[in-house]
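Each chain, written out:
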Amino acid sequence: MLDTSIVKLLNDQINKEFYSAYLYLDMADFYAAKGLLGYENWFKVQAQEEMAHAMLFRQYLLNNGHPVELNALANPTKTYKDNKAPLEEALKHEQFVTASINSIYEEAMTRKDYRTLQFLDWFVKEQGEEEMNAEDNINKYNLFGSDAKALYMLDQELKARVFNPPSLVI
Ligand code: FEO
């Protein structure tokens, strides 16, 4: 059995991961409306990754004999002023998720919950990658986004992203 404070944080994290999927799907829709189908694809794949993260937290709770609480999701629909704005918003969001994972990690350390710490190790590493990818998108847009031909090539490149299920098995 896990401590009730850990169970609450893990349930909250399920909601945050599904919200992330909603947020990225909304960004995909923004780019689809602009005809930037590579960016649309990149964020659609990102939404799939987030749903996979949510499912890992769900499975971890179930494996430890705890009920899952699926709470209401917030409406992610936002207005973006230009093509770069979602990229910056995505980085901010990943930093928020990193902080959330870190706070569960801190609680697990306080509770000497070594099982949860080991489970979270994968997410700590994953968040490093997620932030790096979000920064990479911003850097590339800064370099090429203002040139129509270069943006076309970049958009083509982003079309190649495919969903790979998480390497973590629980
Ligand atoms: Fe599941 Fe993008 O963090």
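Rules of the game
All residue numbers refer to positions counted from 1 along the written sequence of the respective chain. Residue-level local features of this predicted model are given only where pLDDT is at least 70; pairs of side-chain atoms are given and counted only at 80 or more, and the full residue set underlies all totals for whole chains, interfaces and linings. The basis for the side-chain values is all heavy atoms of the structure; hydrogens and waters are excluded. The term salt bridge refers to a pairing of a side-chain nitrogen on Lys or Arg with a carboxyl oxygen on Asp or Glu at a separation within 4 Å. The numbering of helices and of strands both runs from the N terminus, where a helix is a DSSP run of H or I of at least 4 residues and a strand a run of E of at least 2. Burial classification: accessible surface area is computed with a 1.4 Å probe over protein chains only, and a residue below 20% of its type maximum counts as buried, one above 50% as exposed, and the rest as partly exposed. Stacked, edge-to-face and tilted are the three classes for Phe, Tyr and Trp ring pairs, Trp counted by its six-membered ring, which pair at centre distances within 6.5 Å; planes under 30 degrees apart are stacked, over 60 edge-to-face, the rest tilted. As a reminder, the over-ring test applies to NZ of lysine and CZ of arginine, requiring each to be within 6 Å of the ring centre and within 35 degrees of the ring normal. In this scheme, a helix's expected span is set at 1.5 Å multiplied by one less than its residue total. By nonpolar core we mean a set of buried residues, namely Ala, Val, Leu, Ile, Met, Phe, Trp, Tyr and Cys, connected to one another through side-chain atoms within 4.5 Å. By the convention used here, residues are in contact when the closest approach between their heavy atoms is within 4.5 Å. Each axis is a line fitted through C-alpha atoms, taken for helices only over the stretch in contact, and angles between the N-to-C directions span 0 to 180 degrees. Oblique is the label for any angle not covered by the other classes, which are roughly parallel (under 35 degrees), roughly antiparallel (over 145) and roughly perpendicular (65 to 115). Left-handed describes a crossing whose near helix is turned anticlockwise from the far helix by less than a right angle; the clockwise case is right-handed.

A. Quick peek at the pattern of salt bridges. Considering all chains together, one arrives at nine salt bridges under this definition. Notably, a salt bridge pairs Glu-129 with Lys-125, separated by 3.8 Å at the nearest N-O pair. Here Glu-129 pairs with Lys-125, and both are found in helix α4 (residues 114-144), just four residues apart, close to one helical turn. Residue classification places Glu-129 among the partly exposed positions, given a relative accessible area of 36%. We classify Lys-125 as exposed; its relative accessible area is 59%. A salt bridge links Lys-140 to Glu-157; the nearest nitrogen and oxygen atoms lie 3.1 Å apart. Here Glu-157 lies in helix α5 (residues 148-158) and Lys-140 lies in helix α4, a separation of 17 residues in the sequence. For Lys-140, a relative accessible area of 24% puts it in the partly exposed group.

B. Seen up close, unusual backbone geometry. Here the phi dihedral of Lys-112 falls at roughly 55 degrees; this positive angle occurs in a residue that is not glycine. Structurally, Lys-112 is set in the loop between α3 (85-110) and α4.

C. Spatial organisation of the packing of aromatic side chains. All chains considered together, the criterion is met by eleven aromatic pairs. Look at Tyr-31 and Phe-43: their rings are 5.7 Å apart centre to centre, the planes differ by 15 degrees, and that puts the pair in the stacked class. Taken together, the residues Tyr-31 in helix α1 (residues 4-34) and Phe-43 in helix α2 (residues 37-63) connect sequence positions twelve residues apart. Each member of the pair, Tyr-31 as well as Phe-43, is classed as buried. A centroid spacing of 5.3 Å and a plane angle of 65 degrees characterise the contact between Phe-119 and Phe-123, whose relative ring orientation is edge-to-face. With Phe-119 and Phe-123 both in helix α4 and four residues apart, the pair spans about one turn of that helix. Since its relative accessible area comes to 4%, Phe-119 is described here as buried. Three or more aromatic residues joined by ring pairs make a cluster, and in this case those are Tyr-24, Phe-30, Tyr-31, Tyr-39, Trp-42, Phe-43 and Tyr-80. Directly above the ring of Trp-42 sits Arg-161, whose terminal nitrogen or CZ lies 4.2 Å from the centroid.

D. Layout of α1. With 31 residues, α1 ought to run about 45 Å at 1.5 Å a step, and its terminal C-alpha atoms sit 46 Å apart, in line with that. Positioned one or two residues after α1, Gly-35 has a phi angle of 80 degrees, which is positive.

E. Geometry of the nonpolar core. Grouped together as the largest cluster of nonpolar side chains are 24 residues, with contacts concentrated most on Tyr-24, Met-27, Tyr-31, Tyr-39, Phe-43, Tyr-80 and Leu-87. For this core, the elements supplying multiple residues, two or more each, are α1, α2, α3, α4 and α5. A total of eight residues in this core trace back to one element, the largest contributor, which is α1. Setting aside residues up to four positions removed in sequence, Met-27 forms contacts with Phe-43, Tyr-80, Pro-86, Glu-89 and Ala-90. Among the nonpolar cores identified, the runner-up in size contains 20 residues, and Leu-56, Val-97, Ala-108 and Leu-120 belong to it.

F. Broad picture of the packing of α1 against α2. Two numbers describe how α1 lies on α2: the axes approach to 8 Å, and their chain directions differ by 165 degrees. Taken together, the axes of α1 and α2 lie roughly antiparallel to each other. Crossing hand, α1 versus α2: left-handed.

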